[in-house]
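Residues per chain, in single letters:
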Amino acid sequence: MSWSVVFYSDQVEAEILGMPAGFVARFIRYAERTEIYGPDLGMPHTKAMGDGLFELRLKAGEGIARVFYCTRVGRRIVMLHKFIKKTDRTPPKELHIARVRMKEFANG
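Computed from a predicted model, the values in this text were never measured in an experiment.

Thoughts on the overall build of the protein
Right, so step 1: When helices and strands are tallied, the protein shows three helices and five strands.
Right, so step 2: Secondary structure elements of the protein, listed N to C terminal, follow the sequence β-α-α-β-β-β-β-α.
Right, so step 3: Its C-alpha atoms give the protein a radius of gyration of 13 Å, within 12% of the compact-globule value 13 Å for 108 residues.
Right, so step 4: Principal-axis analysis of the C-alpha atoms places the extent of the protein at approximately 35 × 30 × 25 Å.
Right, so step 5: When contacts within the protein are restricted to residue pairs at least 6 apart in sequence, those whose partners lie at least 24 apart make up 49%.
Right, so step 6: Accessible surface computed for the protein: about 6,200 Å², of which carbon and sulfur atoms make up 53%.
Right, so step 7: Charge-centre separation for the protein: the mean point of 18 positive side chains lies 5 Å from the mean point of 12 negative side chains.

Here it is in structure tokens:
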């Protein structure tokens, strides 16, 4: 049984698909792989961030981007938030947004 990729909101979907072309190509490739193999593709493609939160690690000619996601009952992978990295560390603000959205999605 395969997984399905869904988005937290239409806005999140538009933001992800509105990234530069190299990031979108990587996102689509990795999203397709997660539908087949599940949410944890392992490094360097995905990384567990704790408490059920994962990051999809996108690297392209345009730079580095991250898409946070979680899993839900029914084998759904929920894309929560994206950002383009400008520093080596993940900004706490970006992680906070993803965690809040994960809780909101879990609560309906």
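Digging into the pattern of salt bridges
Where side chains of opposite charge bring their charged atoms close, a pairing between them can arise.
Right, so step 1: One pass over the full model with this rule turns up two salt bridges.
Right, so step 2: Among the ionic pairs, glutamate 55 bridges to arginine 57, the shortest N-O distance being 2.8 Å.
Right, so step 3: A salt bridge links glutamate 55 to arginine 66, with the nearest nitrogen and oxygen atoms 3.6 Å apart. Pair noted here: glutamate 55 is in strand β3 (residues 53-60) and arginine 66 is in strand β4 (residues 63-72), with a separation of 11 residues, a long-range link. Each member of the pair glutamate 55 and arginine 66 is classed as buried.
Right, so step 4: One connected set of salt bridges, linked through shared partners, spans Glu55, Arg57 and Arg66.

About the cut-offs
Residues numbered from 1 in each chain as written. Predicted model: local features only at pLDDT ≥ 70, side-chain atom pairs only at ≥ 80, totals over all residues. Heavy atoms only, no water. Helix = DSSP H or I, 4+ residues; strand = E, 2+ residues; numbered from the N terminus. Rg over C-alpha atoms; globule rule 2.2 N^0.38 Å. Contact = heavy atoms within 4.5 Å. Areas by Shrake-Rupley, 256 points an atom, 1.4 Å probe, with all protein chains shown as cover. Lys, Arg positive; Asp, Glu negative; His and termini not counted. Charge placed at Lys NZ, Arg CZ, Asp CG, Glu CD. Salt bridge = Lys/Arg side-chain N within 4 Å of Asp/Glu carboxyl O. Buried < 20%, exposed > 50% of the residue type's maximum accessible area, 1.4 Å probe, protein only.

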